[in-house]
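# Secondary and tertiary structure notes
Each chain, letter by letter, is given below.
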Amino acid sequence: MILSGQVRVNGQVVRELGTKADAAADRIEAAGQVVRSEERHVYILLNKPPEVVATMADPEGRKTLRNCLRGLAQRVYPVGRLDYAAAGVVFLTNDGDLAAEMLRDWGNLPQVYQVKVKGRLTAEDLERLGKETGARMRMIRQPDATRGMRGSRGGQVGNFWYEATLRDSKRDVLRRALFAEQHPVEKLKRIGLGPLNLEGLPPGRYRMLEEKEVDGLRKALNEKPKTPRKRNA
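Below you will find a few notes about this structure. Along each chain, numbering runs from 1 in the same order as the chain's sequence is written. Side-chain atom pairs in this predicted model are given and counted only at pLDDT of 80 or more, local residue features only at pLDDT of at least 70, and totals for whole chains, interfaces and linings cover all residues. Side-chain numbers here rest on the full set of heavy atoms in the structure, without hydrogens or water.

## With respect to the nonpolar core
As a reminder, the rule being used: Only buried residues count toward a nonpolar core. Its members are Ala, Val, Leu, Ile, Met, Phe, Trp, Tyr and Cys residues joined through side-chain atoms within 4.5 Å. Buried, partly exposed and exposed residues are distinguished by accessible area as a fraction of the type maximum, computed with a 1.4 Å probe on protein chains only: under 20%, between the cut-offs, and over 50%, respectively. Helix and strand assignments come from DSSP, with helices taken as H or I runs of at least 4 residues and strands as E runs of at least 2, each series counted from the N terminus. Throughout, a residue-residue contact means that at least one pair of heavy atoms, one from each residue, lies within 4.5 Å.
Ranked by size, the top nonpolar core spans 31 residues in total, and within it L92, L121 and M137 carry the most contacts. Elements that contribute at least two residues to this core include exactly strand 5 (43-48), strand 7 (87-93), strand 8 (110-117), helix 2 (123-133), strand 12 (160-167) and helix 3 (170-180). With four residues, strand 12 is the largest single contributor of residues to this core. Those residues in contact with L92, other than ones at most four positions away along the chain, are V42, Y43, I44, L46, M56, L65, L69, V76, Y77 and P78. Grouped together as the second largest cluster of nonpolar side chains are 21 residues, Y43, A99, W106 and L201 included.

Structure below.
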């Protein structure tokens, strides 16, 4: 077909065997028909380390997600955002339809964070902050809490970890509320995004999601958050 002049690239007849073209960027025609390349969709779960920009490129030259995706042939893009200093779950894909659906219904996906704050929150603090920010908070096992520090009144002071389950942009609301309470956030790690979690995935590593996991993510996007019933006064 090439030798007989039936192949065109961007409107130009190609007659040389072995000529290269990019099916994603060039218009390729064979015998008058446009050749379309169907890209295989991939879905990736990445455990982002702290101090990595959650994009594929950074004008300031900092490390990006691309540094964590060595060996990946497909071009993928992250969905949603995660702060430079934060760690944890990042979802990447080349499926534009799913990415658009996720961004549209992002508020339907519960997100689970491990939050390290300055000082210690009481049960009353957790309940009050939960009501103010819409987050469910609880203390968790302390992986690296500082022990043995003494406060000005002689009481023991430490920096403690908590688990917060929230939706949409409530993460920033929670951060501001903790700062106002004089318990600024020192570390932040997202360990869950909808049905996805970091179990068995070391920092800086990624894995391909199975079809059933992607189906679970689609299902979670279509589940509307439950609105708590109002009690009669």
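## Regarding the sheet that holds strand 3 (residues 28-30)
Operational definition: A pair of strands is treated as paired once DSSP finds two or more bridges between them.
Taken together, four strands build an open sheet; the order of strands is 2-1-3-4 and the sheet is antiparallel. If you trace the sheet from one side to the other, it starts and ends with strand 2 (12-13) and strand 4 (33-34), each paired once. Note: strand 3 against strand 4, two bridges, orientation antiparallel. Note on strand 4: the bridge partner recorded for A30 is Q33.

## Regarding helix 2
Filter applied, for reference: Note that the arc is defined by the directions from the helix axis to the C-beta atoms.
Taken together, the buried positions of helix 2 are D125, L126, L129, G130 and T133. Relative to the axis of helix 2, the buried residues are bounded by an arc of 130° and lie together on one face. Projecting away from the buried face of helix 2 at angles above 90 degrees are the exposed residues A123, E124 and K131. Just past helix 2, the residue G134 takes up positive phi, approximately 80°.

## Observations regarding the pairing of strand 8
Of all the eight residues making up strand 8, six are buried; the element is thus mostly covered by neighbouring parts of the structure. Bridge count for strand 8 against strand 12 is eight bridges, and the pairing is antiparallel. Looking at the pairing, Y113 lines up with A164 of strand 12.

## Looking at the environment of N94
The line we're drawing: Under this definition, polar contacts are N or O atom pairs within 3.5 Å; protein pairs additionally need one hydrogen-donor-capable and one acceptor-capable atom, and for neighbouring residues in sequence, both atoms have to be side-chain atoms.
Mapped onto the secondary structure, N94 falls in the loop between strand 7 and helix 1 (96-104). We classify N94 as buried; its relative accessible area is 14%. A sequence separation of 16 residues divides N94 from P78, and the C-alpha atoms of the two residues are 8.9 Å apart. Not counting chain neighbours up to four residues away, the residues in contact with N94 comprise E39, R40, H41, V42, Q74, R75 and V76. One polar contact links the side chain of N94 to the main-chain carbonyl oxygen of R40, over a distance of 3.0 Å. Of note is the side chain of N94, whose polar atom sits 2.9 Å from the backbone nitrogen of V42.

The quantities given are spatial measurements derived from coordinates; they are silent on function.
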